[in-house]
Structure formats: structure tokens, C-alpha cells
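# Residue-level structural notes
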Amino acid sequence: MEPHHPPLADSAVKAWLARQAYSLVLRLGTPAYLWRVWSRGRDEPDYRAHWPERLGFYQGSAGLEGSRHQRGGWVWVHAVSLGEARAAAPLIAALRAQRPGLRLLLTHTTATGREAGRALLQPGDAQTWLPYDTPGAVRRFLRRFQPSVGVLMETEVWPNLLHEARQAQVPMVLANARLSAKSLRQGQRFAALLRPAAQALSLTLAQTQGDADRLRAMGADPVQVCGNLKFDMTPSPDLLALGQRWRDADARPLCLAASTREGEEAGLLDAWLAAPLAISSPRPRLLIVPRHPQRFDEVAALVAQRGLSLSRRSTWPDQQPDAAALGAGVWLGDSMGEMPAYYASAAVAWLGGSFAPLGGQNLIEAAACACPLILGPSTYNFAEAAELSLAAGASRRVADWPEAVHTAQLWLEEGASSAQAAAKAFACQHQGASKRMSGDILRFVYAP
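Attention here is on the structure that accompanies the text. (Residues numbered from 1 in each chain as written. Predicted model: local features only at pLDDT ≥ 70, side-chain atom pairs only at ≥ 80, totals over all residues. Heavy atoms only, no water.)

Right, let's talk about the side chain of Glu84 for a bit. Here Glu84 shows up in helix α2 (residues 82-98). It is Arg178 that comes nearest to the buried, bridge-free Glu84 among opposite-charge side chains, at 4.8 Å. Within the structure, the side chain of Glu84 is placed 3.3 Å from the backbone nitrogen of Ser81, a separation counted as a polar contact. In contact with Glu84, other than residues within four places in its own chain, are Ala79, Met153 and Glu154. (Helix = DSSP H or I, 4+ residues; strand = E, 2+ residues; numbered from the N terminus. Buried < 20%, exposed > 50% of the residue type's maximum accessible area, 1.4 Å probe, protein only. Lys, Arg positive; Asp, Glu negative; His and termini not counted. Salt bridge = Lys/Arg side-chain N within 4 Å of Asp/Glu carboxyl O. Polar contact = N/O pair within 3.5 Å; in protein donor to acceptor, adjacent residues only side chain to side chain. Contact = heavy atoms within 4.5 Å.)

Below, the structure written as C-alpha cells:
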């Protein structure tokens, strides 16, 4: 008689084979990964810093002074890039408020995330790159730090990392978690690999009920709905004041393209040149802030190709627009960490990432700065927040760039004071996620 293999055993074998295949691909791809990181360092030097950490080697790492001999007890938060690092700020503040003396280990994958994360560190904390997701690299990372709990932000589900964390008995929490319907469909194609990773999570803290339902369908359990941390992000008063000074210095209203992505700026510039902007008096000025710093020069070239005069924020003396800037038709926001200032300076803004099929950028930050927002058709990264914003009157949705420019003109003519108030009220109404999430996370941390 043939032995009976229960479905669970078959599933475990498939999961093991899928993870072995995944690990083999990553090992073979390690040289290409390292070359890509090194290449990005040409434009962003941080990518070439602390190089061994990328593979889980920390002996003598310059990023860990003051913590080199400390093991165990870390509350580890992984914020892959700039947006996640900003979202992690209120969560980390809430964790510190509930557990004074907490030792934070902060990890990142991108240079912008690491730069933003430095502002979140206190004496005794540590910051490092999250290693490449090969079994050996993540085992070295976990052995080196022995965290009490790991917190992954938003969508960071790494199969080997989660498997090795479970083996090492490190509880893992996916915080501010979101999963679009498109990502769920894609994930289900690789269910043998991704379902065990989701099942290895000790707790998933979802932004919305829709996210929670999709995360459960991926295998996460338990899942709780806690809201969106981005509503708890407080814009810097200094940056808001800086933006107001820019606004006061400029008689022309500013129309801001916020966190634009590749392919969007060309469509905006063409629509801007084609629009009869005389409807607004004085003629509005265009402000473009690309999402990624390596694209600043590319966007400047697009502006020049269309014969428009340009002033770059990085050239302004004493942080204020000079006579040359006030004479330019387009401003380029080529600085990092000043998004609240850009929103505070603008009369109206367009949401980058929503005019290409990219799901949109963080629309909540604009609301917190009381800036009315025009959304393109693609906002699946913030689907519920987008619908709530539209319902609150804090934003309007359009189909393309020509309609977006026309809508901005109409908003300038109508006056945007009621939309500004609606945006601020919308942002305040949905706060509180950081306190809820921090309490759930600290249940995994032993009291000192």
C-alpha cells in the first residue's frame, strides 16, 4: 500500500522547494545586485557606504559605533525607503513614549531611506542596511543583533528573512500593512513562496479593512486593522514656515507637481504649455518636485527642451527665491526633506505617481499641510485614503494632465480656502494609528 501524504506535507514540500529555488536565484544574482547598488552610488554616495552590511557582515562597520558589542533587546524597524522612514517616525515616537529607554535598530534598503532615518536615532540606537535576502546574509544579521521584535513597514515581505526569523524565534510584525488587489493577484501566482512568508508573520497591522482581507487571503494571520500611520505624521513647523515665506515672496500662485515619477513631467509640461493660463491672474508658476533625486537633472533638461525658464531650489541664497528665481517660469524642487515646505508654498498640488500606472504617492502629507490636491487615475497604493479625501472635499480626481491643469486653473479662480480647511480636517480626523500599533508591537517585547 502506498503511504498517504496529507495535503499539509505536500504544501510544506512545495514551500521548501520554492524557497530553495528563490534562494538559488538570489545567490546567482548577487554579483548583479552588488553592481546595481554600486552603480547607484555614482549619483547617491550613501549606496557605497558600509558596503559589507549588504551581505550581513558587521565587523568594524562604521555605521554601528556605540553599539558594536551590544546584542539582544533591540526593537528593530525596517523602513526600506524615504516614504517608509517618514511613516515610521510617529510609530517610533509612540514606541519610545510607551517604553522609555528602548533601543532602536533601524534598517533600510535605499540611500534616501537611510538619510531620513538618521533623524530618528537617539544615543544607543543603531542603523544599518538590511542585508540581501539570502539565507546566509539574514542569518548573520539575526545572529549579530538578536532583536526582541522585528517590524517591517507596509509591504516588505521577504521569504528568507521571515523564515530565518521564525527559526530564531524572533517575532515579526508587518506594520502599516497594505496590499492592493493587483499585488494580491501577482502574489497568488507565487503562493508557494509568499504564502509561507506571510504565515511566518506573528502579527499584521493593516491600514484598512480591504487591506486586511487581502492580507488574510495571502496567508497572514492574525490581522488587525489599525489605520494609516501617515495620518500621524506631523509636518515640521519650521518647514511650513519656510514654505509660507516662499509663498509670501512670490506674487504668482504656485502649482505644485509633488513627488513626480518618470514619464509624468513631460505630460505635465506639454499640458501646461498648451493651456490658456490667462484664466488666472497673475499667471501661475509651476513647481516640480521629482520623487527621486537622481532624476533632478533629467527633469531640468525636460524643462529646458520646452523653452521654459528654470530656477533650481538648490541655488537659492539663504533659502529664499532670489530675483532670478522670481523671474523664472518653473521652479525645480531639487532638495531632500522639504516636502512640507513645498506643499505650504503651493496654492494647489498634483499628486505624483497617480498620472502613470504607479498607484500614487502619499496623499496624506498634502492634507496635513492643508494643500488641496488633484489626483490622477492611479491611486491604488492609497485607495481608501484617496476615496476619503475626495469625499471630504480635500481633493479632486481627473483623467489626465490636460484636465489636471484645467482643474488647477479653476481651483485658483474659485479660491481654495474651503478645500484647504477640508484637507486639514481630513488629516486630523484619521489620526491615532501610531498609538494603536505601538501597543500591539510592544506586547512582543519583554519588560526591562
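Bringing the sheet that holds strand β8 (residues 254-260) into the picture now. The strand order across the open sheet formed by seven strands is β10-β11-β9-β8-β12-β13-β14, and the pairing between neighbours is parallel. On the outer flanks of this sheet lie β10 (310-312) and β14 (395-397), each paired with one strand and no other. With strand direction ignored, the average angle separating the axes of adjacent strands in the sheet is 20°. Here three bridges tie β10 to strand β11 (residues 330-332), and the two strands are oriented parallel to one another. (Pairing = 2+ DSSP bridges. Axes fitted to C-alpha atoms, helices over the stretch in contact; angles between N-to-C directions.)

Below, the discussion takes up the pairing of strand β5 (residues 172-177). For a regular strand, side-chain orientation follows a simple rule: the groups alternate between the two sheet faces. β5 sits mainly inside the fold: six of its six residues count as buried. Taken together, the four bridges between strand β4 (residues 149-153) and β5 define a ladder with parallel strand orientation. Along β5, the bridge assignment pairs Gly150 with Met172. Each parallel crossover has a hand, and for β4 linked through helix α5 (residues 159-167) to β5 it is right-handed. Relative to strand β6 (residues 203-206), β5 runs parallel, the two sharing three bridges. Within the sheet, the bridge partner assigned to Leu174 lies in β6 and is Thr204. (Right-handed = clockwise from strand over helix to strand, strands pointing away.)

Formed by 36 residues in total, the largest nonpolar core has its most connected members in Leu256, Tyr343, Leu363 and Leu373. Dropping the residues within four chain positions of it, Leu373 is found in contact with Tyr343, Ala349, Trp350, Leu351, Leu363, Ala366, Ala394, Ser395, Arg396 and Trp411. Counting residues in hydrophobic clusters, the runner-up holds 30 residues, among them Trp76, Leu130, Phe145 and Leu152. (Core = buried A, V, L, I, M, F, W, Y, C linked by side-chain atoms within 4.5 Å.)

With that out of the way, let us pick up the packing of helix α4 (residues 135-145) against α5. Packed helix pairs are specified by the crossing angle of their axes together with the interaxial distance, meaning the distance between the axes. Here α4 crosses α5 at 45°, and the two axes come no closer than 9 Å. For the element pair α4 / α5, the angle class is oblique. Crossing handedness for the pair α4 and α5: right-handed. Contacts between α4 and α5 involve Pro135, Val138, Arg139 and Leu142 on the former and, on the latter, Asn160, Leu161, Glu164 and Ala165. Taken together, the residues of the contact of α4 with α5 sort by class into five nonpolar, one polar and two charged. (Parallel < 35°, antiparallel > 145°, perpendicular 65-115°, else oblique. Left-handed = near helix turned anticlockwise from the far one by under 90°. Nonpolar A, V, L, I, M, F, W, Y, C, P; charged D, E, K, R; others polar.)

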